[in-house]
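Listed below are the residues making up each chain.
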Amino acid sequence: MRATSRSTIRRWVPCAVLVVPVVLIGGGLPRSGLSAGPAQEKDAELLKDARDAFEPLPKDMATREFPVSPERVSLGRKLFFDPRISVDGTVSCSRCHLSALYATDALPKSHGARDKVLPRNANTLFNTALQFKQHWRGDFENVETQAKHALTGPGFGNPDFAAAMARVNAIAGYPELFKKGFPGEADPVNADNWGRAVGAFERTLVTPSRFDEYLGGKTDALTLTERNGLRVFMDIGCVNCHGGVGIGGGKFRKFGVKEDYWKATGSKEIDKGRFDLTKDPADTYTFKVPGLRNVEMTPPYFHDGSVGTLPEAVRVMARVQLGKTLSDEETGAIVTFLKSLTGNPPADFMTPPVLPPAGFK
Ligand code: HEC
Ligand code: HEC
């Protein structure tokens with residue numbers, strides 16, 4: 001299936017010469033009769049282009065189907081930090097999505113229960129519920145199904161959902177909390193509700209940044225250097241894939257449009273991406289375009305964690321996706337812009353809650 005998206009990425013259309021008078025929109029811009037100078041025109045044009053390509057973050061990522069009631073979020077937050085639901089009692093979601101590392105584990109590839117190495121690099125969970133699919137290959141439709149299937153995946157290592165739910169039921173405090181999170185349900189402790197509770201917590205993890213203030217019209221929320229970087233990011237074509245509210249996260253694309261990706265990344269294993277899921281040759285080496293919010297804080301990069309630094313990741317992207325060799329100046333400008341996408345981690349994510357007591361059996 002080709003990429004479709006709830007938050008459709010709008011393409012940025014380059015506009016060569018600005019002949020029409022600049023239309024000034026938004027709060028931070030001059031509204032008086034004073035004629036705008038060339039610098040102001042450039043600023044207004046940049047903001048307009050940015051608003052065509054990106055969107056500011058919402059307050060949370062709830063939908064009608066997946067609300068974020070306080071009871072559900074509070075339960076989901078406990079489950080997120082609880083290692084006792086895994087097969088050997090050592091693995092919680094927070095083992096690979098650590099508070100101290102912007103919800104990643106900083107490893108090229110994560111280690112699950114019984115030290116099993118997972119096939120790909122752990123993504124951050126911040127703002128992730130906005131993406132059109134979850135996982136590098138788009139294995140899951142939303143954070144709820146992702147969380148449900150994590151129970152029986154190589155991370156938690158449970159043989160089936162029943163075994164996982166037996167672990168939840170063995171902790172005396174949980175059934176009551178499930179009742180509160182899912183009022184009116186006769187048998188609320190089940191794997192779907194586990195996914196919905198953990199998903200509700202994830203749907204609160206938004207990290208607004210100075211870039212969102214900029215999109216809101218406060219042009220000086222970004223420094224001149226950052227705005228120059230934004231211009232380069234758009235002019236060079238990064239925005240064609242990394243657009244929308246997540247600065248990515250809205251479609252699948254081949255990794256290696258211009259040349260094989262592993263030649264640039266030095267990857268030892270070659271991952272065929274979505275092909276392994278769909279068996280459609282057109283999906284060979286395609287992956288979800290990742291969102292770039294907080295990217296400064298989430299190395300190593302790419303689905304296999306093969307690249308350690310952000311400037312190198314940017315150079316690889318320009319080379320293999322666009323066939324361009326960036327100058328140091330261009331690379332630096334893009335990296336400076338990308339750093340303006342870093343937001344503060346949500347407080348509820350930074351401190352683990354106290355969990356209902358029970359020893360691991
Ligand atoms: C053992 C390490 C590990 C554990 C435990 C773990 N994850 Fe992950 N997580 C990963 C890895 C690795 C990926 C990337 C998987 C892939 O694409 O192949 C990932 C991806 C994700 C994604 C997709 C993000 C995106 O941008 O596509 C979400 C959401 C997620 N994890 C949530 C969770 C939740 C919720 C839990 C607990 C129920 C959890 N994870 C437990 C390692 C882990
Ligand atoms: C044709 C679409 C496309 C274009 C153009 C593109 N990217 Fe990407 N980008 C991707 C895909 C797909 C991935 C995931 C690659 C993988 O499998 O690891 C990615 C990954 C990244 C990553 C790694 C993120 C992470 O969390 O590991 C960064 C950084 C990045 N891109 C920045 C850029 C920059 C900067 C540009 C412009 C120079 C750019 N991209 C152009 C599609 C694109």
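Residues numbered from 1 in each chain as written. Chains lettered and ligands numbered in written order. Predicted model: local features only at pLDDT ≥ 70, side-chain atom pairs only at ≥ 80, totals over all residues. Heavy atoms only, no water.

In the annotation of an unreviewed UniProt entry, the entry for the chain reads C-type cytochrome, and the organism field reads Gemmata palustris. Heading Subcellular location (unreviewed entry) of the UniProt record for the chain holds this comment: "Periplasm". (UniProt positions renumbered as here; feature names shortened; annotations may be inferred.)

### Points about the domain arrangement of the chain
On domain assignment, one finds that the chain holds domain 1 (38–57 + 208–339) and domain 2 (70–205). The centre of domain 1, based on its C-alpha atoms, is set 28 Å off from the matching centre of domain 2. With 26 residues of domain 1 at the contact, the number on the domain 2 side is 22 residues. Around 2000 Å² of area is buried between domain 1 and domain 2 when both sides are counted, 60% of it from carbon and sulfur atoms. The interface formed by domain 1 and domain 2 holds 2 salt bridges in total. Here Glu 269 and Lys 109 are joined by a salt bridge, their closest N and O atoms 3.8 Å apart. Broken down by secondary-structure element, the contributors of at least two residues to the side of domain 1 that touches domain 2 are α11 (275–278) and β2 (286–288). Residues of the side of domain 1 that touches domain 2, tallied by class, amount to 10 nonpolar, 8 polar and 8 charged. (Domains from an automatic or database assignment. Contact = heavy atoms within 4.5 Å. Buried area = accessible area lost by both parts, 1.4 Å probe. Salt bridge = Lys/Arg side-chain N within 4 Å of Asp/Glu carboxyl O. Helix = DSSP H or I, 4+ residues; strand = E, 2+ residues; numbered from the N terminus. Nonpolar A, V, L, I, M, F, W, Y, C, P; charged D, E, K, R; others polar.)

### Side note on the packing of aromatic side chains
Under the criterion given, the structure shown has 22 aromatic pairs. On the basis of an interplanar angle of 80° and a centroid distance of 5.3 Å, the ring pair of Phe 54 and Phe 211 is categorised as edge-to-face. Remark: Phe 211 occurs in helix α8 (residues 210–215) and Phe 54 occurs in the loop between α1 (38–53) and α2 (70–81); sequence separation between them is 157 residues. Phe 211 matches Phe 54 in its accessibility class, with the two residues each being buried. For the ring pair Phe 233 and Phe 337, a centre distance of 5.3 Å and an interplane angle of 55° mean the geometry is tilted. Pair noted here: Phe 233 is in helix α9 (residues 224–236) and Phe 337 is in helix α13 (residues 328–339), with a separation of 104 residues, a long-range link. The exposure classification of Phe 233 matches that of Phe 337, with both residues buried. If you follow Arg 274 out to its NZ or CZ, it ends over the ring of Phe 252, 3.9 Å from the centre. (Phe/Tyr/Trp six-rings, centres within 6.5 Å; stacked < 30°, edge-to-face > 60°. Buried < 20%, exposed > 50% of the residue type's maximum accessible area, 1.4 Å probe, protein only. Lys NZ or Arg CZ within 6 Å of the ring centre and 35° of its normal.)

### Quick notes on the coordination of the iron atom of ligand 1
From the protein, the iron atom of ligand 1 takes a single donor atom, His 97 (NE2), 2.1 Å away. In this structure, His 97 sits in the loop between α3 (93–96) and α4 (143–150). (Donors = N, O, S within 2.8 Å, 3.2 Å for Na, K, Ca; no water.)

### A short note on the site of ligand 2
Neighbouring residues of ligand 2: 24 residues in total, closest Cys 238, Cys 241, His 242, His 303 and Met 317. Contact between ligand 2 and His 242: a nitrogen atom at 2.9 Å from a side-chain N or O atom of the residue. Interatomic distance of 2.7 Å between a backbone N/O atom of His 303 and an oxygen atom of ligand 2. At the level of elements, β2 and α12 (310–322) are the ones that each hand at least two residues to the shell around ligand 2. Top contributing element to the shell around ligand 2 by residue count: α12, with 6 residues. (Near = heavy atom within 4 Å. Polar contact = N/O pair within 3.5 Å; in protein donor to acceptor, adjacent residues only side chain to side chain.)

### Thoughts on α4
Along an α-helix, residues three or four apart share an orientation, since each turn contains 3.6 residues. Listed as buried for α4 are Val 143, Glu 144, Ala 147 and Lys 148. Seen along its axis, α4 keeps its buried residues to an arc of 135°; they face one direction. In this structure, the buried side of α4 is in contact with α5 (161–169) and α7 (191–202). (Arc of directions from axis to C-beta.)

### Overview of the site of ligand 1
Within the structure, ligand 1 sits among 28 residues, and Cys 93, Cys 96, His 97, His 135 and Lys 288 are positioned closest to it. One of the backbone nitrogen or oxygen atoms of His 135 is found 2.7 Å away from an oxygen atom of ligand 1. Within the side chain of Lys 288, an N or O atom sits 2.5 Å from an oxygen atom of ligand 1. Where the shell around ligand 1 is concerned, the elements lending two or more residues are α3, α4 and α7. In terms of residue class, the shell around ligand 1 is built from 12 nonpolar, 13 polar and 3 charged.

### Quick look at the packing of α1 against α9
Packing of α1 against α9 leaves a shortest axis separation of 11 Å and a crossing angle of 55°. The angle between α1 and α9 falls in the class oblique. Note on packing geometry: the crossing formed by α1 with α9 is left-handed. Across from Asp 43, Glu 45, Leu 46, Asp 49, Ala 50 and Ala 53 in α1, the residues of α9 making contact are Arg 227, Leu 230, Arg 231 and Met 234. (Axes fitted to C-alpha atoms, helices over the stretch in contact; angles between N-to-C directions. Parallel < 35°, antiparallel > 145°, perpendicular 65-115°, else oblique. Left-handed = near helix turned anticlockwise from the far one by under 90°.)

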